[in-house]
Amino acid sequence: MIKEFRDFIAKGNVMDLAVGIIIGAAFTAIVTSLVNDLINPIVGLIIGGIDFTSMYVVLSGDVPAGTGLAAARESGAAVFAYGAFLTSCINFLIIAFVVFMLVKSVNRIRSVAEKPDDVEPEVKSGPSEIDVLIEIRDELKSAKSQA
C-alpha cells in the first residue's frame, strides 16, 4: 500500500495538480482583494456610499439598526447576508472568466503545437495490391469467356 501511495504521489499529474491548487489559492486571494477593495467601493458609491459587502436583512433575532454584518452574526441573529453573497458571486464570475480565458489560450497553443507545419501530400506510387488482384481476376474472366 505504501509503494502504491508513493507511486501515486510521484506521478507528474499529482504534482501539477498541487501546483495548480497553490496558484489557484493565490489567485483567489487576488480576486477577493480586487472585488472587496476596488469593485465593492465603486458599487457602494453608486448606491449611496453604503458598504455593499455588509448589506443584510435580519430574519429573526434582535439586532440594533446600523449594526455591521459581523456584529449581527455574533449576536446570534439569523441574517440574510445578500451583500456577502453577491460579493462571492462577483468573485466567482471573475475567476470563472479568467479560467475560461486560460483554458482557451492553452487549447489554442496545444492545437498549434500538435499541427504539423509541413505536411507532404501523399504521392500514389502505383496501383495497390487489391487493384492488381481485381485486374487479374477481370483478365481471367475475359479470357475464360473468350475460350
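Calculation criteria
- Residues numbered from 1 in each chain as written.
- Predicted model: local features only at pLDDT ≥ 70, side-chain atom pairs only at ≥ 80, totals over all residues.
- Heavy atoms only, no water.
- Helix = DSSP H or I, 4+ residues; strand = E, 2+ residues; numbered from the N terminus.
- Rg over C-alpha atoms; globule rule 2.2 N^0.38 Å.
- Buried < 20%, exposed > 50% of the residue type's maximum accessible area, 1.4 Å probe, protein only.
- Contact = heavy atoms within 4.5 Å.
- Areas by Shrake-Rupley, 256 points an atom, 1.4 Å probe, with all protein chains shown as cover.
- Lys, Arg positive; Asp, Glu negative; His and termini not counted.
- Charge placed at Lys NZ, Arg CZ, Asp CG, Glu CD.
- Phe/Tyr/Trp six-rings, centres within 6.5 Å; stacked < 30°, edge-to-face > 60°.
- Core = buried A, V, L, I, M, F, W, Y, C linked by side-chain atoms within 4.5 Å.
- Expected span 1.5 Å × (residues − 1).
- Patch = residues over 30% accessible without salt bridge, like charges linked within 9 Å, V, L, I, M, F, W, Y side chains within 5 Å.
- Salt bridge = Lys/Arg side-chain N within 4 Å of Asp/Glu carboxyl O.
- pLDDT = per-residue confidence, 0-100.

## Examining the overall build of the protein chain
So, point 1. Within the protein chain, the regular secondary structure consists of five helices and two strands.
So, point 2. Relative to a compact globule of 147 residues, whose C-alpha radius of gyration would be 15 Å, the protein chain shows 34 Å and is clearly more extended.
So, point 3. Across the 147 residues of the protein chain, 12% fall into the buried class.
So, point 4. When contacts within the protein chain are restricted to residue pairs at least 6 apart in sequence, long-range pairs at least 24 apart make up 44% of them.
So, point 5. Carbon and sulfur atoms provide 67% of the accessible area of the protein chain, an area that totals close to 12,100 Å².
So, point 6. With 12 positive and 17 negative side-chain charges, the protein chain shows a spacing of 6 Å between the two charge centroids.

## Some remarks on the side chain of N91
So, point 1. Tracing the sequence through the fold places N91 in helix α4 (residues 82-114).
So, point 2. Those residues in contact with N91 that sit more than four places away from it in its chain are V31, T32 and V35.

## A few points about the packing of aromatic side chains
So, point 1. Going through the model one piece at a time under the given rule, you end up with one aromatic pair.
So, point 2. Arranged with centres 6.4 Å apart and planes meeting at 35 degrees, the rings of F80 and Y82 form a pair that is tilted.

## Some thoughts on the nonpolar core
So, point 1. Counting residues in each nonpolar core, the largest one holds seven residues, listed as Y56, V63, L69, A72, A77, V79 and A81.
So, point 2. The residues touching V63, leaving out its near neighbours within four places in the chain, are Y56, V58, A72, S75 and A77.

## Section: the environment of L34
So, point 1. Among the secondary structure elements, L34 is positioned in helix α2 (residues 12-46).
So, point 2. Accessibility expressed as a relative area gives 33% for L34, which makes it partly exposed.
So, point 3. Distance in space between the C-alpha atoms of L34 and I94 is 9.6 Å, their sequence separation being 60 residues.
So, point 4. Look past the residues within four positions of L34 in its chain and what remains in contact with it is I39 and I94.

## A word on the side chain of T87
So, point 1. Structurally, T87 is set in helix α4.
So, point 2. A residue is classified by how much of its surface remains accessible, and T87, at 5% relative accessible area, is buried.
So, point 3. Sequence-distant contacts of T87, defined by excluding residues within four places in its chain, comprise V35, N36, N40, F52 and T53.

## Description of helix α5 (residues 129-146)
So, point 1. For α5, with 18 residues, the first-to-last C-alpha span of 26 Å sits near the 26 Å given by 1.5 Å per residue.
So, point 2. For α5, the buried fraction is low: zero of the 18 residues fall into the buried class.

## Remarks on a nonpolar patch on the surface
So, point 1. A cluster of nonpolar side chains, contributed by V57, L59, F80, Y82, F85 and L86, occupies part of the molecular surface with about 590 Å² of accessible area.
So, point 2. At the level of secondary structure, the elements contributing two or more residues to the nonpolar patch comprise β1 (57-60) and α4.
So, point 3. The biggest single contributor to the nonpolar patch is α4, with three residues.
So, point 4. Within the fold, L86 resides in helix α4.

## What to know about the confidence of the model for the protein chain
So, point 1. Taken over all residues, the pLDDT of the protein chain has a mean of 82, while the share at 70 or more is 93%.
So, point 2. At the level of individual helices and strands, the protein chain shows its lowest average pLDDT in helix α1 (residues 2-10), which scores 79, and its highest in strand β2 (residues 78-80), which scores 90.

## Notes on the environment of S125
So, point 1. Relative to the elements of secondary structure, S125 occurs in the loop between α4 and α5.
So, point 2. S125 sits 106 residues away from V19 along the chain, and the two C-alpha atoms are 51 Å apart.

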